[in-house]
Structure formats: C-alpha cells, structure tokens
Amino acid sequence: MKTPTMRLDRLLANLGYGSRREVAQMVAAGLVTGNAGRLRDAGERLAITPDLPNWLKINGAPVDPPPPLTLIFHKPVGVVCSHKEPGRSVYELLPPRWRRRDPVLSTIGRLDLETSGLLLITDDGGLLHRVISPRNHVTKRYLAILDRPLSGGEAAVFAAGDLVLEGETDPLAPAVLEPLSPTSAWLTVTEGRYHQVRRMFAAVGNHVVALHRDRIGGLDLPEDIDAGAYRIATPEELAAVFAGP
Ligand code: URA
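Report follows, based on the coordinates. Note that the structure is a prediction, hence the values are computed from the model and not measured.

Rules used throughout
- Residues numbered from 1 in each chain as written.
- Predicted model: local features only at pLDDT ≥ 70, side-chain atom pairs only at ≥ 80, totals over all residues.
- Heavy atoms only, no water.
- Pairing = 2+ DSSP bridges.
- Helix = DSSP H or I, 4+ residues; strand = E, 2+ residues; numbered from the N terminus.
- Near = heavy atom within 4 Å.
- Polar contact = N/O pair within 3.5 Å; in protein donor to acceptor, adjacent residues only side chain to side chain.
- Areas by Shrake-Rupley, 256 points an atom, 1.4 Å probe, with all protein chains shown as cover.
- 1 Å grid on protein atoms, 1.4 Å probe; cavity = no way out; pocket = protein on both sides within 12 Å on 5 of 7 lines; lining within 4 Å.
- Sits in = over half its atoms within 2 Å of the grid points.
- Nonpolar A, V, L, I, M, F, W, Y, C, P; charged D, E, K, R; others polar.
- Points joined across faces, edges and corners; volume = space filled by probe spheres on them.
- Buried < 20%, exposed > 50% of the residue type's maximum accessible area, 1.4 Å probe, protein only.
- Contact = heavy atoms within 4.5 Å.

Digging into the sheet that holds strand S5 (residues 57–58)
- Taken together, four strands build an open sheet; the order of strands is S3-S2-S5-S6 and the sheet is antiparallel. The open sheet terminates on both sides in strands that have one partner only, identified here as strand S3 (37–38) and strand S6 (61–62).
- Sheet topology places strand S2 (residues 32–34) next to S5; two bridges connect them, and they run antiparallel. The residue of S5 that forms the bridge with Val32 is Ile58.

Comments concerning the site of the ligand
- Neighbouring residues of the ligand: Leu111, Asp112, Thr115, Tyr142, His195, Gln196, Val197, Arg198 and Leu211.
- In this structure, Asp112 approaches the ligand through a side-chain N or O atom, which is 2.6 Å from a nitrogen atom.
- At 3.1 Å, a side-chain N or O of Thr115 approaches an oxygen atom of the ligand.
- When the free accessible area of the ligand is taken as 240 Å², the share hidden by the protein chains comes to 95%.
- When atom positions are compared with the pocket grids, the ligand is found to occupy the largest pocket.
- Considering every element that reaches the shell around the ligand, the biggest residue donor is helix H6 (residues 196–203), with three residues.
- Partitioned by chemical class, the residues of the shell around the ligand number four nonpolar, three polar and two charged.

Comments concerning the layout of surface pockets
- The volume enclosed by the largest pocket comes to roughly 600 Å³.
- Among the secondary structure elements, those contributing two or more residues to the lining of the largest pocket are helix H4 (125–132), strand S10 (140–146), H6 and strand S13 (208–216).
- The greatest single-element share of the lining of the largest pocket, amounting to three residues, is contributed by S13.
- Within the lining of the largest pocket, the residues separate by chemical class into 14 nonpolar, six polar and seven charged.
- Of the volumes computed, that of the second largest pocket is approximately 400 Å³.
- Forming the boundary of the second largest pocket are 18 residues, of which Pro50, Pro66, Pro67, Pro68 and Leu69 lie nearest the centre.

Here's the deal with unusual backbone geometry
- In the segment running from Pro67 into Pro68, the intervening peptide bond is cis, with an omega of 0 degrees.
- If you trace the backbone, Pro68 turns up in the loop between S6 and strand S7 (70–75).
- In this structure, Pro103 follows Asp102 across a cis peptide bond, with omega equal to 5 degrees.
- Considering the arrangement of structural elements, one finds Pro103 in the loop between S7 and strand S8 (106–107).
- Within the chain, Asn59 stands out as a residue other than glycine whose phi angle is a positive 55 degrees.
- Looking at the element boundaries, Asn59 is found in the loop between S5 and S6.
- In this model, His137 sits at a positive phi of 50 degrees, which is unusual for a non-glycine residue.

Brief notes about the side chain of Thr107
- Looking at the secondary structure, you find Thr107 in strand S8.
- Accessibility expressed as a relative area gives 9% for Thr107, which makes it buried.
- Separated by 2.7 Å, the side chain of Thr107 and the backbone oxygen of Gly109 make a polar contact.
- Every residue in contact with Thr107, bar those within four places of it in the chain, is listed here: Cys81, Val90, Tyr91, Leu119, Leu120, Ile121 and Leu128.

Structural notes on the pairing of strand S11 (residues 176–181)
- As paired strands, S11 and strand S12 (residues 184–189) are joined by five bridges and run antiparallel to one another. Residue Glu178 lies in a different strand from S12, and its bridge partner there is Trp186.
- In textbook terms, the turn of a hairpin is the stretch between consecutive antiparallel strands, and for S11 and S12 this stretch comprises two residues.

Right under this line is the structure:
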C-alpha cells in the first residue's frame, strides 16, 4: 500500500497542535524539526508513518502518534462516555490536544456512569465497527456485584438466548454466567445494549450494585493501568480483541 502523505501544517493541526495558521507560525519560528534539522516549509508533504514521533519534533518533544491511534483506558466510576451527556467525560481525562484531533477519538461502545473497567478509545472507524458489529461476536466480560444472592437458575436463563429485556422485543443472544460467590459473578455477553448487564440481572429479580468490565474478546485490562489511566494499545493487544477467548 502507498504510504499516505500530508502537508506539515495540516498534519500538526489534525494532531491538535493548533489551527493551520498557528502551526504555520510554529514552523516559521523554527520550532518544528525533522531528521535533517529545522523544517522551514509548512506546506511540505510528509509521509505519515507510525514512526513519525521518532523523528518529527516540536520544541524538541516528539509529536503525538499519527492515526490510527487506539488507547486502552481504565474507566473509573463517575465519568460518562459521551460528549453529549452531562457530567465529566472520559475525554476530559485525555490530554487536551488529543481532544482536538482529526479524525476524532471515540470510545468503542460505552460503559455507563457507574461502571468501571476496560474501554477502548480509537480514531480508527474500521476497528470501532469491527469490535461493535454483532456479526463479529466480540465478547465482553463483566464482574457484577449483586444486591441479593443468586438463586441458581440465572445461568440457564441467560444461556437460553430467549430472554427479552423490558421495553424490547428482540431476545438477547446467549450469555455466559460464572458465579464467583453467592453475590458476585462473571457475565460474558456478545452484545452491547443499553445498560444490558444491569437490566439482565433486573430481569431475574436481582440488582447490580457494582459493575466492572475486565475483558474484551481476548484482551484483559492490563493490571498496570490504574483507574483513570490509559496507554496506547499495541498491535498484539488489538489482535487479542479478535482472538477469543
Ligand atoms: N452493561 C451495563 O449495564 N452497563 C455497562 O456499562 C455495560 C454493560
């Protein structure tokens, strides 16, 4: 495939460093350097390769990674996943510059306000689509802490593939319940319906008091990422999303 190229001013503006005029001023001031020293022409076309930060610098600091960029984010409770909902959003926990990127960074699916855990954030529309498309059956595993003890019949109800949530007409796809204690369980689902896990437990007469997602496909939330923190996903980690379990 041909390596894409882009004008320097457009590239830096798309990475959130400022308007095209502002970044052209940074170039004119000699703040932007490449392999061979200062870049003088804001209109110069550069090859957009993943190693860009290794050689393109602003004020001596590596530029941010170019698209496609995907983050593994440990969502804390108390933040929302949408720009539109009221309240603090996960995007406010990213560097301000990353919120001005074009293409924009979006969450792959959503976790609700009170749910914590593994959230992927990406500017790669194709990846987003592949993860959320029901056709790909990418599993999501949740740890649910419950208000009342499990009765013992829930696993069969969730596995049957005929549970219809209140207000819906389409039955849920089969889901796997693995009890951990009388009041806690793993629940693995393949869909991403609104408040799905909480509503599934409500449908069997229980109530979720805490919910945490620890796995998407074969990708576990890395233990070294604290709540509210994130890092860039490696190609191997992205492959794991589609590799099972
Ligand atoms: N199910 C829920 O109820 N909430 C989430 O955040 C995710 C799945």
